[in-house]
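# Close look at the chain arrangement
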Amino acid sequence: MVTGGRRAAQRTGPLAGPVDLPGLEVAPPGVLPVPGNRWDLALAVAPGDAREPAPVHDPGDARDPADAREPAPVHDPGDARDPADARDPADARDPGDARDPGDARDPDDASDPGDARDPAGTCDSAAAHSGAHSGAHSAARSAARSAARSGAHSDAPARGGPPSVTVVVTHFEQPRELARTLHALTRQTGAGTTWRDVEVVVADDGSREPPAVPDGVRLVRQPDRGFRAGAARNLGAAAGRGEVLVFLDADTTPEPGFLSAMVRLPACCPEALVVGRRRHADLAATDPAAPVEQVGPQRELPAPAWLDDAYAASRDLLDADERSYRFVIAAVLACSRWLFEGLGGFDETFRAYGGEDWELAARVWRHGGLLAHAPDAVAWHDGPDWAGRDEVERRARKLDETLAVARRLDGPGATTTGLRLGPPDPVVVVAEGLDPTGVAVCVDSLLAALPRARVHLSRADHARLGGADDRLRLGRPDLRTASRLLEVRRPVRGPAAGWHAVLDALTGGDAPGAVGVGGEGASGDGPGDGAAEWLRLTDLRTVRRRRRWARAGAEGVDALFGETTLTGLDLRPVAPDASLESYLGGWG
């Protein structure tokens, strides 16, 4: 039972029945093509699923702020990347020669600690982290693996062997810092054990002069059209061929063991996005060739305590949740190419400092990926943390960064609660056979409590109830950017506490995959019921993970995703004879 509007939950076992939710597979931006990706991450989406249902209100009405990713200048077509600006066409890789990630490494093999044999044993601890995150993930092996891969590249690694690595170093007007970082990359340990081979790509974000790079390092460039670190990283990743991508900033210099520590988990678990440990030091007066692991500690500056505390409290993100994207830093980041390209890389619409790493991490989480912190992957940032910089500049940039993230993310802590800046949350679907009066009462009650929700209706007589309210849409939802789906199976009403209690049931590390809401009269025999529960809330991250594992041939997948039944909430069915007048007037 529930007291004071808070929930009482009863765990009822595995997620029941197949989940058929079209159009939820992949989130935009889709800036990177994924041709022939046979590692089925359940990220592809049919073009027909990409359309957003038409709003109920007149098309001449203002655009929903939740749909607006950025102000119009951000989407200037002239900002589209021109390949000619980025690299010499002679250097461009022939698409036919591009290695299909699926030809090189099977993620189901790589994810299995027993199969992923690393000569140095470095996959053992990483696989333990992965296994703790994902339960029976090692059982998710394909039942029918291709015995021969005709398109495999000639240098594809043996199954279970160490991966190839592409290091993307993002640069803008920092030649001395870049020289230090590139020198440090020549000192990395682990070749042939943790990784097979390494290529380094410098991605220049429009410096006035091309930076000098040594032989063997590839340079790609893009025009200076603002702070476009995300686009530069995408450019660098596309120019490389490594199976694991490692991202560094030019002013962030790695210690010798950095690559080994960063590559371990993505090599064993291609679903993982790994953040290293960034320390701070005043390196300006030091020799770029000096060992950073020696001069860094001698000139160390304070590190952000909140970040260290977060890693400690979450056991290095082993206990990550939907808010843990805030602990991911693009300056020290790694993931499989399969994951990166499958999700479309960084969002290139970011044009100011910060936020693109948080958005990517949130998208990885939303689509069933894992977050992890590698504390032994140490790189030294030349200069203080933001907390040690000019207060006025820091506050202004932080405000811009927060707003940019809020426009793109949903959920508590990510976006606004009153202003509709980010994607809708939750996405609501109303059953077709319900009485229009009951629908009007239910939707009004729901939106009063959850103003950032968007309601999708399948009947025109339902849709007209909302008038010009653009939170009502006619047609099925596009779920690619959604985190939670609320199905209304019987009209209910109640105070905000009752609706919030439903959402709260999917919050926390031990949250189930779905929540059913019922009570007295939820027997399926009432007018317009059509189900034994009034509401059903589904965590779409769980659905995506379940789909992917099932496609990989995993056994016992359903047992990993439980569901909960809530009763006694401050919600009650709308009476069959209720009128909108009595509801609005407060006498019925």
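Residues numbered from 1 in each chain as written. Predicted model: local features only at pLDDT ≥ 70, side-chain atom pairs only at ≥ 80, totals over all residues. Heavy atoms only, no water.

### A few points about the overall build of the protein
Each helix and strand counted, the protein has 17 helices and 19 strands in total. Every one of the 588 residues in the protein was classed for burial, and the buried ones make up 53%. Here the contacts in the protein between residues at least 6 apart in sequence split such that 79% fall between residues at least 24 apart. Of the accessible surface of the protein, which amounts to about 24,500 Å², a share of 52% is contributed by carbon and sulfur atoms. (Helix = DSSP H or I, 4+ residues; strand = E, 2+ residues; numbered from the N terminus. Buried < 20%, exposed > 50% of the residue type's maximum accessible area, 1.4 Å probe, protein only. Contact = heavy atoms within 4.5 Å. Areas by Shrake-Rupley, 256 points an atom, 1.4 Å probe, with all protein chains shown as cover.)

### Some remarks on unusual backbone geometry
In the segment running from D425 into P426, the intervening peptide bond is cis, with an omega of -5°. Mapped onto the secondary structure, P426 falls in the loop between helix 12 (391-406) and strand 11 (427-430). For D316, which is not a glycine, the phi torsion comes out positive at approximately 55°. Take D316: it is sitting in the loop between helix 9 (305-313) and strand 9 (332-336). With relative accessibility at 25%, the residue D316 sits in the partly exposed group.

### Quick notes on the pattern of salt bridges
Per the counting criterion, the structure on display carries 22 salt bridges. In this structure, D478 and R480 form a salt bridge, with 2.9 Å as the shortest nitrogen-oxygen distance. D478 gets classed as buried once you look at its relative accessible area, which sits at 12%. Here the salt bridges share partners, and the residues they tie into one network are E487, R489, E533, R536 and E563. (Salt bridge = Lys/Arg side-chain N within 4 Å of Asp/Glu carboxyl O.)

### Comments concerning the side chain of H367
Turning to its location among the elements, H367 is positioned in the loop between helix 11 (356-366) and strand 10 (370-382). Looking at H367, its side chain comes within polar contact range of the main-chain oxygen of R480, at 3.3 Å. (Polar contact = N/O pair within 3.5 Å; in protein donor to acceptor, adjacent residues only side chain to side chain.)

### Brief notes about the packing of aromatic side chains
What the rule picks out here adds up to five aromatic pairs. Between W306 and F327 the ring centres are 6.3 Å apart and the planes differ by 50°, which places this aromatic pair in the tilted class. In this pair, W306 sits in helix 9 while F327 sits in the loop between helix 9 and strand 9, placing the two residues 21 residues apart along the sequence. Residue W306 is classed as partly exposed on the basis of its relative accessible area, which comes to 48%. (Phe/Tyr/Trp six-rings, centres within 6.5 Å; stacked < 30°, edge-to-face > 60°.)

### Details of helix 11
Where burial is concerned, most of helix 11 is hidden: eleven out of the eleven residues are buried. The set of residues buried in helix 11 consists of E356, D357, W358, E359, L360, A361, A362, R363, V364, W365 and R366. Backbone geometry just after helix 11 places G368 at a positive phi near 90°.

### Section: the environment of V200
When you line up the elements, V200 lands in strand 3 (residues 198-204). According to the relative accessible area criterion, V200 is buried, its value standing at 12%. As for V200 and G236, which are separated by 36 residues in sequence, their C-alpha atoms are 9.1 Å apart. Filtering out sequence-adjacent residues up to four positions away, V200 remains in contact with V167, V169, L182, L185, G216, V217 and R218.

### Examining the pairing of strand 2 (residues 165-171)
Counting buried residues in strand 2 gives seven out of seven residues, a clear majority hidden from the surface. With burial as the criterion, each face of strand 2 is covered, one bearing V165, V167, V169 and H171 and the other bearing T166, V168 and T170. Relative to strand 3, strand 2 runs parallel, the two sharing seven bridges. Within strand 3, the position partnered with V169 by the bridge is V202. Crossover connection from strand 2 via helix 5 (residues 175-185) to parallel strand 3: handedness right-handed. (Pairing = 2+ DSSP bridges. Right-handed = clockwise from strand over helix to strand, strands pointing away.)

### Here we look at the packing of helix 13 (residues 436-449) against helix 15 (residues 496-504)
The relative placement of two packed helices is expressed as an angle between their axes plus a distance between the axes. At a minimum axis separation of 9 Å, helix 13 and helix 15 run at an interaxial angle of 75°. With respect to each other, helix 13 and helix 15 are oriented roughly perpendicular. Judged by residue contacts, C442, S445, L446 and A449 of helix 13 engage A496, W499 and H500 from helix 15. Here the residues of the contact of helix 13 with helix 15 are counted per class, giving five nonpolar, two polar and no charged. (Axes fitted to C-alpha atoms, helices over the stretch in contact; angles between N-to-C directions. Parallel < 35°, antiparallel > 145°, perpendicular 65-115°, else oblique. Nonpolar A, V, L, I, M, F, W, Y, C, P; charged D, E, K, R; others polar.)

### A look at the nonpolar core
Across soluble globular proteins, nonpolar side chains show a tendency to be buried alongside one another. Ranked by internal contacts, the top residues of the largest apolar core, which has 71 residues, are V167, V169, V246 and F258. Top contributing element to this core by residue count: helix 7 (residues 258-268), with seven residues. (Core = buried A, V, L, I, M, F, W, Y, C linked by side-chain atoms within 4.5 Å.)

### Here we look at the state of the cysteines
Under the counting rule described, the total for this entry stands at zero disulfides. C268 provides the cysteine sulfur closest to C269, a residue in no disulfide bond, and the two sulfurs are 8.3 Å apart. Judged by relative accessible area, C269 falls into the buried class, the value being 0%. (Disulfide = S-S within 2.5 Å.)

### Observations concerning helix 7
Judged by how many residues are buried, helix 7 sits mostly within the fold: eleven of eleven residues are covered. The set of residues buried in helix 7 consists of F258, L259, S260, A261, M262, V263, R264, L265, P266, A267 and C268.

### A few points about the confidence of the model for the protein
Scored by pLDDT, the protein comes out at a mean of 75, with 68% of its residues at no less than 70. Note on residues 130-159: pLDDT under 50 across the span, and 61 contacts to partners over four residues away in sequence or across chains. (pLDDT = per-residue confidence, 0-100.)

### What about the environment of A460?
Relative to the elements of secondary structure, A460 occurs in helix 14 (residues 460-463). Placed 15 residues apart in sequence, A460 and G475 show a C-alpha to C-alpha distance of 9.5 Å.

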